[in-house]
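Listed here are the chains, written in short residue letters.
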Amino acid sequence: MLVFENIPTLRAQIRNWRKYSETIAFVPTMGNLHQGHLDLISYAYQHATKVIVSIFVNPLQFAPHEDFGSYPRTLEKDMNQCNAAQVAGVFIPTESVLFPEGKADTTQIVPPETLNHILCAVTRPHFFSGVATIVCKLLNIVQPDVAVFGKKDYQQLTIISKLVKDLNLDVKILSAPISRADNGLALSSRNQYLTEEQLNQASCLSAVLQQTKVCLLEGHADLPNLCQKAIEQLNQNGFKMDYFEIRSQNNLQEVTPQDKNLIILAAGTLGKARLIDNLEVNLIA
Ligand code: PAF
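Attention here is on the structure that accompanies the text. Quick caveat, the model's predicted, so the values are computed rather than measured.

**Structural notes on the overall build of the protein**
Step number 1: Counting its regular elements, the protein contains 10 helices and 9 strands.
Step number 2: The globule rule puts the C-alpha radius of gyration for 285 residues at 19 Å, and the 19 Å found for the protein is close to it.
Step number 3: The buried share among the 285 residues of the protein stands at 51%.
Step number 4: For the protein, long-range pairs separated by at least 24 residues make up 70% of all intrachain contacts whose partners lie at least 6 apart in sequence.

If you want it as structure tokens, here you go:
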């Protein structure tokens with residue numbers, strides 16, 4: 001496995017691979033890899049001959065009161081995992097490689113208001129601009145054929161797909177299914193902030209999503225009421241819910257009567273962890 005710490009060596013290697021008709025899939029991460037990331041890497045290998053993983057804890061997507069300082073950094077273990085997953089190259093830039101003139105002064109990408117003021121952006125208003133900026137930079141650096149993002153971060157995936165379309169970036173965005181623990185909990189680096197007891201409690205989130213999906217499939221049409229009931233149930237089970245909403249899969253806007261492809265999205269805090277999850281629901285037309 002090759003390790004790249006700067007942009008020119010990474011680009012030179014990618015140019016070289018392309019001469020031999022290799023295709024490139026890119027998996028951006030913030031490290032602290034778990035099975036969910038390894039599943040993204042396997043997914044990436046279904047679509048290209050070389051997989052590049054980046055590991056960079058992006059300061060732009062953390063507010064001052066969030067966990068940037070304490071975000072788990074486990075580079076050596078991450079590299080071993082990438083190596084075992086046959087990753088072709090790992091890109092591990094420092095902040096000065098990505099922001100040579102300082103991050104405070106960098107050009108930022110601002111997602112459209114319709115996506116940047118809803119759901120997770122309500123409590124994390126800076127977040128998606130930080131994500132969009134770093135992802136745009138990484139896509140321009142790597143210039144892969146495809147880039148893989150997990151559906152767990154559905155709003156992030158929607159914003160990145162829109163960014164690629166709106167800014168005419170020459171890359172195909174692939175969305176990989178959510179990886180879950182046996183009890184249904186969506187895998188996330190932040191699950192490690194949970195105690196053993198909270199890990200059990202946390203399964204309630206995916207269970208309530210499933211339950212809501214069944215109600216939708218059975219024809220329940222009072223969406224605000226379904227969401228309110230779900231919030232109450234989750235709050236009774238130890239969560240402090242930020243939101244539980246049903247939206248259009250297509251653009252994350254409010255559901256219209258014509259919408260058949262819905263998504264239920266939820267976010268809330270359990271103990272020290274903020275957990276997010278979602279479930280797609282396709283109603284038969
Ligand atoms: O999903 C993540 O891990 C991050 O938001 C990403 C896409 C790597 C950008 O920092």
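Next, the rest of the story.
**A short note on the environment of Gln-35**
Step number 1: Inspection of the secondary structure puts Gln-35 in helix α2 (residues 35-45).
Step number 2: Residue class for Gln-35 comes out partly exposed when judged on its relative accessible area of 43%.
Step number 3: The spatial distance from the C-alpha of Gln-35 to the C-alpha of Arg-180 is 9.0 Å, given a sequence separation of 145 residues.

**Quick word on the site of the ligand**
Step number 1: Close contacts around the ligand come from Pro-28, Thr-29, Met-30, Asn-58, Gln-61, Val-131, Ile-134, Val-135, Phe-149 and Gln-156, and that covers them all.
Step number 2: Taking Gln-156, its side chain carries an N or O atom lying 2.8 Å from an oxygen atom of the ligand.
Step number 3: Contact with the protein chains removes 87% of the 290 Å² of surface that the ligand exposes when unbound.
Step number 4: Of all the elements in the fold, those that place two or more residues in the shell around the ligand are β2 (24-29) and α7 (127-142).
Step number 5: At 3 residues, α7 tops the list of elements feeding residues into the shell around the ligand.
Step number 6: Partitioning the shell around the ligand into residue classes produces 6 nonpolar, 4 polar and no charged.

**Quick word on the pairing of strand β6 (residues 172-176)**
Step number 1: With 5 bridges connecting them, strand β5 (residues 146-150) and β6 associate as parallel partners. Counted as the bridge partner of Ala-147 is Ile-173 from β6.
Step number 2: A crossover connection joins β5 to the parallel β6 through helix α8 (residues 154-166); in handedness this β-α-β unit is right-handed.

**Quick look at the sheet that holds strand β8 (residues 261-270)**
Step number 1: The strand order β7-β8-β9 describes an open sheet built from 3 strands, whose pairing is antiparallel. Each edge of the open sheet is held by one strand with a lone partner, namely β7 (240-248) and β9 (273-282). Within this sheet the neighbouring strands show an average axis-to-axis angle of 10°, counted without direction.
Step number 2: Both β8 and β9 contribute to a ladder of 10 bridges, which runs antiparallel. In the sheet register, Asn-261 faces β9, and the bridge partner there is Asn-282.
Step number 3: This element, helix α9 (residues 196-217), spans β7, β8 and β9 of the sheet and lies at about 25° to β9.

**Brief notes about the packing of helix α1 (residues 7-19) against α7**
Step number 1: Contact pair α1 / α7: the axes reach a minimum separation of 9 Å and the direction vectors enclose 50°. Here α1 lies oblique to α7, going by the angle between them. Residues Ile-7, Leu-10, Arg-11 and Ile-14 of α1 pack against Asn-140, Ile-141 and Val-142 of α7.
Step number 2: Tallied by class, the residues present in the contact of α1 with α7 amount to 5 nonpolar, 1 polar and 1 charged.

Rules used in this analysis
Residues numbered from 1 in each chain as written. Predicted model: local features only at pLDDT ≥ 70, side-chain atom pairs only at ≥ 80, totals over all residues. Heavy atoms only, no water. Helix = DSSP H or I, 4+ residues; strand = E, 2+ residues; numbered from the N terminus. Rg over C-alpha atoms; globule rule 2.2 N^0.38 Å. Buried < 20%, exposed > 50% of the residue type's maximum accessible area, 1.4 Å probe, protein only. Contact = heavy atoms within 4.5 Å. Near = heavy atom within 4 Å. Polar contact = N/O pair within 3.5 Å; in protein donor to acceptor, adjacent residues only side chain to side chain. Areas by Shrake-Rupley, 256 points an atom, 1.4 Å probe, with all protein chains shown as cover. Nonpolar A, V, L, I, M, F, W, Y, C, P; charged D, E, K, R; others polar. Pairing = 2+ DSSP bridges. Right-handed = clockwise from strand over helix to strand, strands pointing away. Axes fitted to C-alpha atoms, helices over the stretch in contact; angles between N-to-C directions. Parallel < 35°, antiparallel > 145°, perpendicular 65-115°, else oblique.

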